[in-house]
Amino acid sequence: MTFLDLQRHIQQTRKARKGVKNKRDYFADTTFDEEMVWHKIYQRALKAANEVIKHYTEIGEFNPEEKMNVFFGEKSKSDKINKNLEKENQKLQAEIIELKKQLEKFHRGGRKSYDDAMIQQVKSARANGETWRGLAKRLCISTTTAQKLQKVKL
């Protein structure tokens, strides 16, 4: 039975019960419970059809290549996927916040200040005869910054 057949059966049955002549009751040989099951199936199919129409009216165009899926049974698979995505989203949001905090240390591309340990490292390395380029590469600073730190008095 197709959706259209089911729709016609239900409509004709309702007309027959309202007293319209020349219409027959399609549910005459079924029980009341079976008839209610068919009504519920019809309501669900109608709801699905309305969702399809709503989707295309919101988009404003019909794409014949667009695919559509219908799932029966539990929603647990999609719920699990949604929960996993929500958890992953929360983790990523927390990571973004942490990275923003780390970026606050650097203002205009450089550090705000250098601690005394860095200054001592520069001075001791220069006293031992290390070159500016080798020192800058080892400490991950520029050669100009290393020279400025050499001049700082403690």
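Residues numbered from 1 in each chain as written. Predicted model: local features only at pLDDT ≥ 70, side-chain atom pairs only at ≥ 80, totals over all residues. Heavy atoms only, no water.

Caption draft 1: Summary view of the pattern of salt bridges. Using the criterion set out here, one finds one salt bridge in the structure. In this structure, the salt-bridge partner of glutamate 130 is arginine 138, at a minimum N-O distance of 3.2 Å. Relative accessible area serves as the criterion here: at 24%, glutamate 130 is assigned to the partly exposed category. (Salt bridge = Lys/Arg side-chain N within 4 Å of Asp/Glu carboxyl O. Buried < 20%, exposed > 50% of the residue type's maximum accessible area, 1.4 Å probe, protein only.)

Caption draft 2: Expanded view of unusual backbone geometry. Positive phi is not limited to glycine here, since cysteine 140 has a value of about 60°. Structurally, the position occupied by cysteine 140 is in the loop between α5 (132–139) and α6 (143–151). (Helix = DSSP H or I, 4+ residues; strand = E, 2+ residues; numbered from the N terminus.)

Caption draft 3: Broad picture of the confidence of the model for the chain. This prediction gives the chain a mean pLDDT of 79; 76% of its residues lie at or above 70. For the chain, strand β2 (residues 110–111) is the element with the lowest average pLDDT, namely 62, and α5 is the one with the highest, namely 92. (pLDDT = per-residue confidence, 0-100.)

Caption draft 4: The packing of helix α4 (residues 116–127) against α5, seen in detail. For the pair α4 and α5, interaxial distance at closest approach is 10 Å and the crossing angle is 150°. Regarding the angle of α4 to α5, the classification is roughly antiparallel. The way α4 lies across α5 gives a crossing that is right-handed. Residues Met118, Gln121, Val122, Ala125 and Arg126 of α4 touch α5, and the partners they reach there are Trp132, Leu135, Arg138 and Leu139. Among the residues making up the contact of α4 with α5, the classes are represented as six nonpolar, one polar and two charged. (Axes fitted to C-alpha atoms, helices over the stretch in contact; angles between N-to-C directions. Parallel < 35°, antiparallel > 145°, perpendicular 65-115°, else oblique. Left-handed = near helix turned anticlockwise from the far one by under 90°. Contact = heavy atoms within 4.5 Å. Nonpolar A, V, L, I, M, F, W, Y, C, P; charged D, E, K, R; others polar.)

Caption draft 5: Focus on the nonpolar core. One finds Met118, Ile119, Val122, Ala125, Leu135, Ala136, Leu139, Ile141, Ala146 and Leu149 forming the largest nonpolar core, which totals ten residues. Listing elements by their share of this core, those giving two or more residues are α4, α5 and α6. Here this core takes four residues from α4, the largest share from any one element. (Core = buried A, V, L, I, M, F, W, Y, C linked by side-chain atoms within 4.5 Å.)

Caption draft 6: Representation of the packing of α4 against α6. Where α4 meets α6, the axes come as close as 9 Å, and the angle between the chain directions of the two elements is 95°. Here α4 is positioned roughly perpendicular relative to α6, judged by the angle of their axes. Side by side, α4 and α6 meet where Met118, Ile119, Val122, Lys123 and Arg126 of the first sit next to Ala146, Leu149 and Gln150 of the second. Residue composition of the contact of α4 with α6, by class: five nonpolar, one polar and two charged.

Caption draft 7: Structural context of α4. Helix length check: α4 (twelve residues) gives 16 Å between terminal C-alpha atoms against 16 Å at 1.5 Å per residue, within 8%. A positive phi of about 90° marks glycine 129, the residue just after α4. (Expected span 1.5 Å × (residues − 1).)

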